[in-house]
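Here is how the chains run, residue by residue.
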Amino acid sequence: CMSCSIGQAGLPKAGEFAWKMGVSVADAISGKTNPADRKGNCAAEAGFGKGFILTPNFSDVCNDPENGKPKVGIEKTEKGTALKVDWCNEYLKEIFGENVHPVDLK
């Protein structure tokens with residue numbers, strides 16, 4: 001994931017965060033006022049199928065910039081590539097529907 005600085009704050013601009021920011025913008029345009037959801041999972045690959053699962057959560061910071069604190073978890077995994085492919089396939093279905101051809105690395 002990468003971030004873009006605007007003023008003093010860094011804003012995530014990749015993958016799941018970008019999707020959730022888009023949902024927040026759509027909600028605002030339609031007049032809905034929902035709390036920001038800035039939780040995510042990032043499968044960071046380290047080669048040979050291994051990697052880390054990062055679980056950042058910036059929701060508290062977005063919803064209460066003065067007092068909210070970021071949270072992040074990290075764990076090693078032997079399934080880095082498989083988790084990344086699963087994540088991609090979930091969003092492909094979300095965007096294009098059930099009939100989309102899933103990513104398969106085999």
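The following refers to the structure shown. Worth saying up front: this structure is predicted, and the values here are computed from it rather than measured.

Let's talk about the overall build of the protein chain
Here is step 1 of the chain: Tallying secondary structure elements over the protein chain gives three helices and five strands in all.
Here is step 2 of the chain: Ordering the α and β elements of the protein chain from the N terminus gives β-β-α-β-β-α-β-α.
Here is step 3 of the chain: Looking at the protein chain residue by residue over its 106 residues, the buried ones come to 22%.
Here is step 4 of the chain: For the protein chain, the proportion of contacts with a sequence separation of at least 24, taken over those separated by at least 6, is 33%.
Here is step 5 of the chain: As presented, the protein chain carries roughly 7900 Å² of accessible surface, and 57% of it is formed by carbon and sulfur atoms.

Some thoughts on the pairing of strand 4 (residues 50–57)
Here is step 1 of the chain: Judged from the five bridges that link them, strand 3 (residues 42–47) and strand 4 form a sheet pairing that is antiparallel. Each bridged residue has a counterpart across the sheet, and for Ala44 the counterpart in strand 4 is Phe52.
Here is step 2 of the chain: The turn linking strand 3 back onto strand 4 is made up of two residues, and Phe48 within it adopts a positive phi angle of 55°.
Here is step 3 of the chain: As judged from the seven bridges shared by strand 4 and strand 5 (residues 71–77), these two strands associate in the antiparallel manner. Across the sheet, Thr55 pairs through a bridge with Gly73, a residue of strand 5.

A word on the environment of Val72
Here is step 1 of the chain: Here Val72 is to be found in strand 5.
Here is step 2 of the chain: Separated by 32 residues in sequence, Val72 and Gly40 have C-alpha atoms that sit 9.5 Å apart.
Here is step 3 of the chain: Setting aside residues up to four positions removed in sequence, Val72 forms contacts with Thr55 and Pro56.

A few points about the pattern of salt bridges
Here is step 1 of the chain: If you walk through the whole model with that rule in mind, you get two salt bridges.
Here is step 2 of the chain: Its salt-bridge partner being Asp37, residue Lys20 comes within 3.3 Å of it at the nearest N-O pair. A residue pair is termed long-range when its members are at least 10 positions apart, and Lys20 in helix 1 (residues 15–29) and Asp37 in the loop between helix 1 and strand 3 qualify at 17 residues.
Here is step 3 of the chain: Since its relative accessible area comes to 16%, Lys20 is described here as buried.
Here is step 4 of the chain: Between Asp60 and Lys71 there is a salt bridge whose closest N-O contact spans 3.0 Å. In this pair, Asp60 sits in helix 2 (residues 59–63) while Lys71 sits in strand 5, placing the two residues eleven residues apart along the sequence.

Points about the sheet that holds strand 4
Here is step 1 of the chain: The three strands are arranged 3-4-5 in an open sheet whose pairing can be described as antiparallel. Every interior strand has two partners, whereas the edge strands, strand 3 and strand 5, have only one. Neighbour to neighbour, the strand axes of the sheet diverge by 20° on average, direction disregarded.

About the cut-offs
Residues numbered from 1 in each chain as written. Predicted model: local features only at pLDDT ≥ 70, side-chain atom pairs only at ≥ 80, totals over all residues. Heavy atoms only, no water. Helix = DSSP H or I, 4+ residues; strand = E, 2+ residues; numbered from the N terminus. Buried < 20%, exposed > 50% of the residue type's maximum accessible area, 1.4 Å probe, protein only. Contact = heavy atoms within 4.5 Å. Areas by Shrake-Rupley, 256 points an atom, 1.4 Å probe, with all protein chains shown as cover. Pairing = 2+ DSSP bridges. Salt bridge = Lys/Arg side-chain N within 4 Å of Asp/Glu carboxyl O. Axes fitted to C-alpha atoms, helices over the stretch in contact; angles between N-to-C directions.

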